[in-house]
Amino acid sequence: MQSLKSEFPIFETARKEGRPLIFLDNASTTQKPQCVIDAVSGFYAGYYANVGRGLYWPATAASFNYDRAREKVRAFIGASSKKEVIFTSGTTDAVNKVVNTFLLPRLEQGDEVLVSEMEHHSNFVPWQQACQSKGAKLKVIPLDAGLNLDLSKFAAMLTDKVKILAITAISNTLGMKNDLKSIINLAHQHNIKVFVDAAQLPLSEKINVQNMDCDFLAFSGHKVFGPTGIGVLYGKQVLLQKMSPLAYGGGMVQQVSVDKTMMADLPAKHEAGTPNIAGTIGLAAAIDFINSVGVEEIGRHGAELRKYAVKRLSEIEGLTLFAKDAKSTAILSFTMEGIHPHDIAAFLAEKGIAVRAGHHCTHPLMQKLDIAGTVRVSFNIYNSEEEVDLLKNTLVEIRSFFL
Ligand code: PMP
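Only a predicted model underlies this, so the values are computations on that prediction, with no experimental measurement involved.

**Some words on the pairing of strand S8 (residues 231-235)**
Okay, step 1: Across the five residues that make up S8, a large majority, five, are buried.
Okay, step 2: Every second residue of S8 is oriented toward a common face, with Gly231, Leu233 and Gly235 on one face and Val232 and Tyr234 on the other, all of them buried.
Okay, step 3: When strand S2 (residues 85-88) meets S8, the two strands line up antiparallel, connected through four bridges. Its bridge partner being in S8, Phe87 is matched across the sheet by Val232.

**Comments concerning the sheet that holds S8**
Okay, step 1: Within the open sheet, the seven strands sit side by side as S2-S8-S7-S6-S5-S3-S4. Their pairing is mixed. Each having just a single partner strand, S2 and strand S4 (137-141) make up the two edges of the open sheet. Taken pair by pair, the neighbouring strands of this sheet meet at an average axis angle of 20°, ignoring direction.

**Quick notes on the sheet that holds strand S11 (residues 319-322)**
Okay, step 1: In space, the four strands of this open sheet follow the order S11-S12-S15-S14, with antiparallel pairing throughout. The open sheet is flanked by S11 and strand S14 (356-358), the only strands paired with a single partner. Across the sheet, the axes of successive neighbouring strands diverge by a mean angle of 30°, strand direction being ignored.
Okay, step 2: Its contacts with the sheet put helix H11 (residues 295-313) on S11 and strand S12 (331-336), and the angle it makes with S12 is roughly 15°.
Okay, step 3: Where helix H12 (residues 341-350) meets the sheet, it contacts S12, S14 and strand S15 (374-378), and its direction lies at approximately 160° from that of S14.

**A look at the site of the ligand**
Okay, step 1: As a matter of local geometry, the ligand sits amid Thr91, Thr92, His120, Ser122, Thr168, Asn172, Asp197, Ala199, Gln200, Ser220, His222 and Lys223.
Okay, step 2: One of the side-chain N or O atoms of Ser220 is found 2.7 Å from an oxygen atom in the ligand.
Okay, step 3: Along the lines of polarity and charge, the residues of the shell around the ligand split into one nonpolar, nine polar and two charged.

**A short note on the environment of His359**
Okay, step 1: When you line up the elements, His359 lands in the loop between S14 and helix H13 (363-369).
Okay, step 2: A relative accessible area of 31% means that His359 is categorised as partly exposed.
Okay, step 3: As a C-alpha pair, His359 and Ile371 span twelve residues in sequence and 8.7 Å in three-dimensional space.
Okay, step 4: For His359, the residues in contact, after removing those within four places along its chain, are His121, Thr173, Met366, Ala372 and Gly373.

**Overview of the packing of aromatic side chains**
Okay, step 1: As enumerated under the stated definition, the model contains 17 aromatic pairs in all.
Okay, step 2: A network of ring pairs unites the aromatic residues Phe8, Phe11, Phe225, Phe289 and Tyr382 as a single cluster.
Okay, step 3: Positioned above the aromatic ring of Phe11, the side-chain terminus of Lys5 is 4.9 Å from the ring centre.

**Brief notes about the side chain of Thr88**
Okay, step 1: With respect to the helices and strands, the residue Thr88 is situated in strand S2.
Okay, step 2: Here the side chain of Thr88 touches Val232 through a polar contact of 3.5 Å, landing on its backbone nitrogen.
Okay, step 3: Contact partners of Thr88, with chain neighbours within four places excluded, come to Asp93, Ala94, Lys97, Gly229, Ile230, Gly231, Val232 and Leu233.

**Considering the environment of Val51**
Okay, step 1: On the secondary structure map, Val51 appears in the loop between helix H2 (34-46) and helix H3 (59-77).
Okay, step 2: Each C-alpha atom, one on Val51 and one on Leu313, is 50 Å from the other, the two residues being 262 residues apart in sequence.
Okay, step 3: Ignoring anything within four residues of it in the chain, the contact list for Val51 reads Ala62, Ser63, Tyr66, Pro275 and Ile277.

Rules and cut-offs
- Along each chain, residue indices are assigned from 1 in the same order as the chain's sequence is written.
- Selection of residues for local features in this predicted model requires a pLDDT of at least 70, selection of side-chain atom pairs for listing and counting requires 80 or more, and totals for whole chains, interfaces and linings are taken over all residues.
- Derived side-chain values reflect all non-hydrogen atoms in the structure, with water molecules and hydrogen atoms excluded from consideration.
- Exposure classes here rest on a 1.4 Å probe applied to the protein chains alone. A residue is buried below 20% of its type maximum, exposed above 50%, and partly exposed in between.
- Here a helix means four or more residues in a row that DSSP labels H or I, a strand means two or more in a row labelled E, and each is numbered from the N terminus.
- For two strands to count as paired, DSSP must find a minimum of two bridges between them.
- Lines fitted to C-alpha atoms define the axes, with helix axes restricted to the stretch in contact, and inter-axis angles between N-to-C directions lie between 0 and 180 degrees.
- Only heavy atoms matter for contacts: two residues are in contact if any of them lie within 4.5 Å across the pair.
- Neighbouring residues are identified by heavy atoms, a residue being near a molecule or strand if any of them is within 4 Å of it.
- By the criterion applied in these results, polar contacts are pairs of N or O atoms within 3.5 Å in which, for protein atoms, one can donate a hydrogen and the other can accept it, and in which residues neighboring in sequence qualify only through two side-chain atoms.
- For this classification, the nonpolar set comprises Ala, Val, Leu, Ile, Met, Phe, Trp, Tyr, Cys and Pro, the charged set comprises Asp, Glu, Lys and Arg, and every other residue, Gly included, is treated as polar.
- Here a Phe, Tyr or Trp ring, Trp counted by its six-membered ring, pairs with any other such ring whose centre lies within 6.5 Å, and the pair is stacked when the planes are under 30 degrees apart, edge-to-face when over 60, and tilted otherwise.
- Definition used: whenever NZ (Lys) or CZ (Arg) falls within 6 Å of the ring centre and also within 35 degrees of the ring normal, the charge is taken to sit over that ring.

Quick look at the structure:
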């Protein structure tokens, strides 16, 4: 995996400028390989034009690549048709799309929506606000003592009042992975639709939406080596077809008269206006890159580094690791007795080690743990055991500096 680090120019730039960069904030966003940077700049420099309209070159080349990007995403998540792949600006945008176009028109007073205690605010607040606007109830599936979803409590919450379950694949804060297949299967037994927040999933395991049988799934390009401002909403065709568009405008209509408008077919119906073409082309290059390395390889490397970090950081006195037995993810959180997480992150930053400190957009989870925040490290293909060793040694230094 270390040979892959050279594909990410930021590390070479940082080295040349005499700033070491040990990037352990991959759950927040990932660095970009040269092939993604080249794909985006190649579009702007080589064949820039709008998509779907022009018959001239470079419009045809732009449209071809835009369409190809959708096909790459389809194959990447195992969807049965490109019609089920809606481009969004990210996971947050996708959640809001489903809340506004699927849930709200179907939600009535007294209905319920299920989320879990480990959700990112992006997969929590939109559902909460929707419920409050309709007099419906947001119910939160609790975590058990091991910080995993309490499946028996979850099962008891499945009633015919529930309109949708919105659940994350992996906790972005502590790194637990949910058993989505069983969760979805159980929800479906009660006729409940399931939205999966897959923001942290694509570099952990191969996604197959048909196998998972989720009704909706979303992820962000920037967390999978792609550009910012591009994301994906997958939805089952039958559901996307029934949903009204959230936004109206050009590109999503078939025929417009003074009296009425006939909407375009999927996926265009849910994508009004000029899309983020460069973003989709960058995302396609990111998917090619991921496939060339192998999702399983990437996932294994991240999980092995987490395991190694658990072992090394456990050696530090006064350090508490959260969900330390979580399997197959690359995210690990900890606190250190008597030292504020922000002080730890600032000290690490001085040494060129980039980590995240705080609540990680998961206030309900912090409330459950009764803490203000954690220090979070999250690994990717360009990280190594040597970097974990350096992290450990610096944490030991921090302890003797502050205490
Ligand atoms: N859900 C989870 C689990 C996340 O980790 C994130 C990003 N931290 C989001 C949702 C939101 O993603 P974005 O900001 O790209 O929309």
